[in-house]
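Observations on chain architecture
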Amino acid sequence: MKLDPSEYPRRRQQLMAQLNDNSIAIIPSSPTHVRNRDVEYLYRQDSDFYYLTGFDEEHAVLVLIPGREHGEYVLFCQEKIKEQEIWTGRRVGPEAAPAVLGCDDAFPITDIDDILPGLIEGKDRIYANLGTSPEFDGQLMGWVNHIRKQVRNGSQPPREFCGLDHILHEMRLIKSDAEIDVMQRAADISAEAHCRAMQLVKPGMYEYQLDAELTRTFMAAGSRWPAYPSIVGAGENACILHYTRNDAQIQDGDLILIDAGCELDFYASDITRTFPANGRFSPEQKALYQLVLDSQYAAMEHIYAGKHWNEFHDAALKVLVTGLVELGLLQGEVDAIIEAGDYRRFYMHKTGHWLGMDVHDVGEYRVDGQPRMLECGMVLTVEPGLYVAPDDETVEARWRGIGIRIEDDVVVREDGCEVLTRAVPKSVEEIEALCQQQL
Ligand code: GLY
Ligand code: MN
Ligand code: MN
């Protein structure tokens, strides 16, 4: 499923409307990365670049020049060279780029040093994201210095550099209906993968066998890859937040924590479920699981337009700490425990993050030093968890090594939140029923 192509020109217009007069914005494609020796990682386009172009080739640079008479959207891209395309794949090429991508002008990337200084010259301000790629920063300075050397001939170098990320990332933070449609499809594919994993799990399997099933389900449905490395943690591995070794054998009595989501047309999904390998939660597992689930429901009550970013985390935390005191894992008064942060050895992360083209998506969490207000069309995760370290001697042995997280993806609406990942069950009864319904 692809995003509606009319989104790209709309985004470029929306961005250019926010740039100063007589300015230029320059956005490079993602660099390629070596994995080992002469093997590269699969290429993943830069999210900002793709957001504005829908173009996924490497060695490209997008240039936006608001008000330029000969066209505002200029693209530098790889030339079509038959001998190279035989090895590395088909390219659009500068000749076809205007028709295929809607740019006004396209030039070979090999000519950028000759052409781009001429486009920059005379502009007051350059918008670019500096500091993320030393190679691009160096190139940009090279183009500007080229103009500076010509000042005695009347050339005018730009006077200001301005970050583009703030403007662009505020746009990316609010999702359009078309974006939410793609994110819903990504969530549905990931939901199917989680349901299958629950139906397939058996003690004696290896974590990587579930990992393989997740990837298979993602790719069979048209996703190119997971949005981030899948976490499949059995038993105490569930207490390692970013566990990715996925190589342990699953034991009878283990809980399995799977945190996995596919990427679909550059949009991420991000789901966590925790379930018993043998189809039944133990009493301790069930007590902590129910507590995490209750905290997630409490959090979701605080997600709608007008609430603040911190409120759903605070609501989840209150439920978790109250429950931990009731179960005897923490001692003391709930507000004092929260104030002192004494819960952190069981709950060391926040209850969510923005979700979009990047799994930890762009966008500020605070505005003017205050937690920002939620707005319609923001997409975020809601992911409380509890992790009792295997060597935590402050709690009875029966609690140790239990790790639980429940994570869903939600869209902020006027009067509540819409759960994109609702297709994966999460009540104790539903989870046990699905795990016992072996495929
Ligand atoms: N999968 C990464 C996260 O949940 O934040
Ligand atoms: Mn997440
Ligand atoms: Mn996750």
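Only a predicted model underlies this, so the values are computations on that prediction, with no experimental measurement involved. (Residues numbered from 1 in each chain as written. Chains lettered and ligands numbered in written order. Predicted model: local features only at pLDDT ≥ 70, side-chain atom pairs only at ≥ 80, totals over all residues. Heavy atoms only, no water.)

**Examining the state of the cysteines**
Tallying each qualifying case throughout the model produces zero disulfides. Cysteine cysteine 77 remains unbridged, with the sulfur of cysteine 103 as its closest cysteine sulfur at 7.1 Å. (Disulfide = S-S within 2.5 Å.)

**Things to note about the sheet that holds strand β20 (residues 408–413)**
Judged by pairing direction, the sheet is antiparallel, and its three strands sit side by side in the order β17-β20-β21 without closing on themselves. The open sheet has two free edges, formed respectively by β17 (379–382) and β21 (416–419), since each of these has just one partner strand. Recorded for the sheet is a direction-independent mean angle of 45 degrees between the axes of neighbouring strands. Of the strand pairs in this sheet, β20 and β21 are connected by four bridges, and their pairing is antiparallel. Across the sheet, arginine 413 pairs through a bridge with glycine 416, a residue of β21. (Pairing = 2+ DSSP bridges. Helix = DSSP H or I, 4+ residues; strand = E, 2+ residues; numbered from the N terminus. Axes fitted to C-alpha atoms, helices over the stretch in contact; angles between N-to-C directions.)

**Some details on the pattern of salt bridges**
Applying the stated rule across the entire model yields 29 salt bridges. The salt bridge partner of glutamate 7 is arginine 11, with a shortest N-O separation of 3.6 Å. Taken as a pair, glutamate 7 and arginine 11 lie in helix α1 (residues 7–16) at a separation of four residues, close to a single helical turn. Judged on exposure class, the residue glutamate 7 and its partner arginine 11 are both buried. Salt bridges sharing partners connect three or more residues here, namely Asp48, Arg172, Lys175, Asp358 and Asp361. (Salt bridge = Lys/Arg side-chain N within 4 Å of Asp/Glu carboxyl O. Buried < 20%, exposed > 50% of the residue type's maximum accessible area, 1.4 Å probe, protein only.)

**Side note on the nonpolar core**
Within the largest apolar cluster, 98 residues are counted, with the highest numbers of intra-cluster contacts made by Leu15, Leu75, Leu210, Ile256, Ile258, Phe275 and Leu386. Sort the elements by how many residues they give to this core and helix α8 (residues 177–200) lands first, with 13 residues. Beyond its immediate chain neighbours, meaning those up to four positions away, leucine 210 contacts Ala197, Leu200, Val201, Met205, Val232, Ile250, Ile256 and Ile258. (Core = buried A, V, L, I, M, F, W, Y, C linked by side-chain atoms within 4.5 Å. Contact = heavy atoms within 4.5 Å.)

**Quick look at the sheet that holds strand β10 (residues 231–234)**
Adjacent strands of a sheet pair through backbone hydrogen bonds, lying either parallel or antiparallel. Taken in spatial order, the three strands of this open sheet run β10-β11-β14, and their pairing is antiparallel. Single-partner strands in this sheet number two, and they are β10 and β14 (271–276). Averaged over all pairs of adjacent strands, the angle between strand axes in this sheet comes to 10 degrees, irrespective of strand direction. Sheet analysis places strand β11 (residues 255–260) next to β14, joined by six bridges and oriented antiparallel. Counterpart to isoleucine 256 in the pairing with β14 is phenylalanine 275.

**Points about the site of ligand 1**
Within the structure, ligand 1 sits among Tyr228, Asp259, Asp270, His353, His360, Glu383 and Glu407. Between ligand 1 and aspartate 259, the relevant distance is 3.2 Å, taken from a nitrogen atom to a side-chain nitrogen or oxygen of the residue. Between an oxygen atom of ligand 1 and a side-chain N or O atom of aspartate 270, the distance comes to 3.2 Å. For ligand 1, whose unbound accessible area comes to 190 Å², protein coverage reaches 90%. In the shell around ligand 1, the residues fall into one nonpolar, two polar and four charged. (Near = heavy atom within 4 Å. Polar contact = N/O pair within 3.5 Å; in protein donor to acceptor, adjacent residues only side chain to side chain. Areas by Shrake-Rupley, 256 points an atom, 1.4 Å probe, with all protein chains shown as cover. Nonpolar A, V, L, I, M, F, W, Y, C, P; charged D, E, K, R; others polar.)

**A look at the coordination of the manganese ion (ligand 2)**
Note on the manganese ion (ligand 2): its protein donors are Asp270 (OD), His353 (NE2), Glu383 (OE) and Glu407 (OE). The metal-donor distances range over 2.0 to 2.2 Å. Coordination at the manganese ion (ligand 2) is irregular, judged from the six donor atoms that bind it and the angles of 50 to 154 degrees they form at the metal. Mapping the donors of the manganese ion (ligand 2) onto the primary sequence gives the spacing D-x82-H-x29-E-x23-E. (Donors = N, O, S within 2.8 Å, 3.2 Å for Na, K, Ca; no water. Tetrahedral: all angles 85-135°; square planar, octahedral: opposite > 155°, others 65-115°.)

**With respect to the coordination of the manganese ion (ligand 3)**
Coordination of the manganese ion (ligand 3) by the protein comes from Asp259 (OD), Asp259 (OD), Asp270 (OD) and Glu407 (OE), over a distance range of 2.0 to 2.4 Å. Here the manganese ion (ligand 2) and the manganese ion (ligand 3) are spaced 3.2 Å from one another, each receiving a donor from aspartate 270. With a gap of 11 residues between them, aspartate 259 in strand β11 and aspartate 270 in the loop between β13 (267–268) and β14 connect regions that are remote in the sequence. In this structure, aspartate 259 and aspartate 270 share a single accessibility class: buried.

**Focus: the packing of aromatic side chains**
Per the stated rule, a full pass over the model turns up 11 aromatic pairs. Plain terms: the ring middles of tryptophan 309 and tyrosine 365 are 4.6 Å apart, the flat faces sit at 55 degrees to each other, and that makes the pair tilted. Of this pair, tryptophan 309 sits in the loop between α10 (283–300) and α11 (311–327) while tyrosine 365 sits in the loop between α12 (334–340) and β15 (366–367); the two residues are 56 residues apart in sequence, bridging distant segments of the chain. Exposure remark for tryptophan 309: the relative accessible area of 12% places this residue in the buried category. Stacked on the ring of tyrosine 51, the Lys or Arg arginine 11 has its end atom at 3.9 Å from the ring centre. (Phe/Tyr/Trp six-rings, centres within 6.5 Å; stacked < 30°, edge-to-face > 60°. Lys NZ or Arg CZ within 6 Å of the ring centre and 35° of its normal.)

**Quick look at unusual backbone geometry**
In most cases, non-glycine residues show a negative phi, while peptide bonds are predominantly trans. Despite not being glycine, arginine 37 shows a phi value in the positive range, around 45 degrees. Within the secondary structure, arginine 37 is located in the loop between β2 (34–36) and β3 (39–40). Non-glycine residue phenylalanine 266 carries a positive phi angle of around 75 degrees. Secondary-structure assignment places phenylalanine 266 in the loop between β12 (262–264) and β13.

**Notes on the pairing of strand β1 (residues 23–28)**
Among the six residues of β1, five are classified as buried, and the element is accordingly described as predominantly covered. Across three bridges, the pairing between β1 and strand β7 (residues 125–127) is parallel. Bridge assignment links alanine 25 to a residue of β7, and that residue is tyrosine 127. Bridging between β1 and strand β4 (residues 61–64) involves four bridges; their strand directions are antiparallel.

By themselves these figures say nothing about function.
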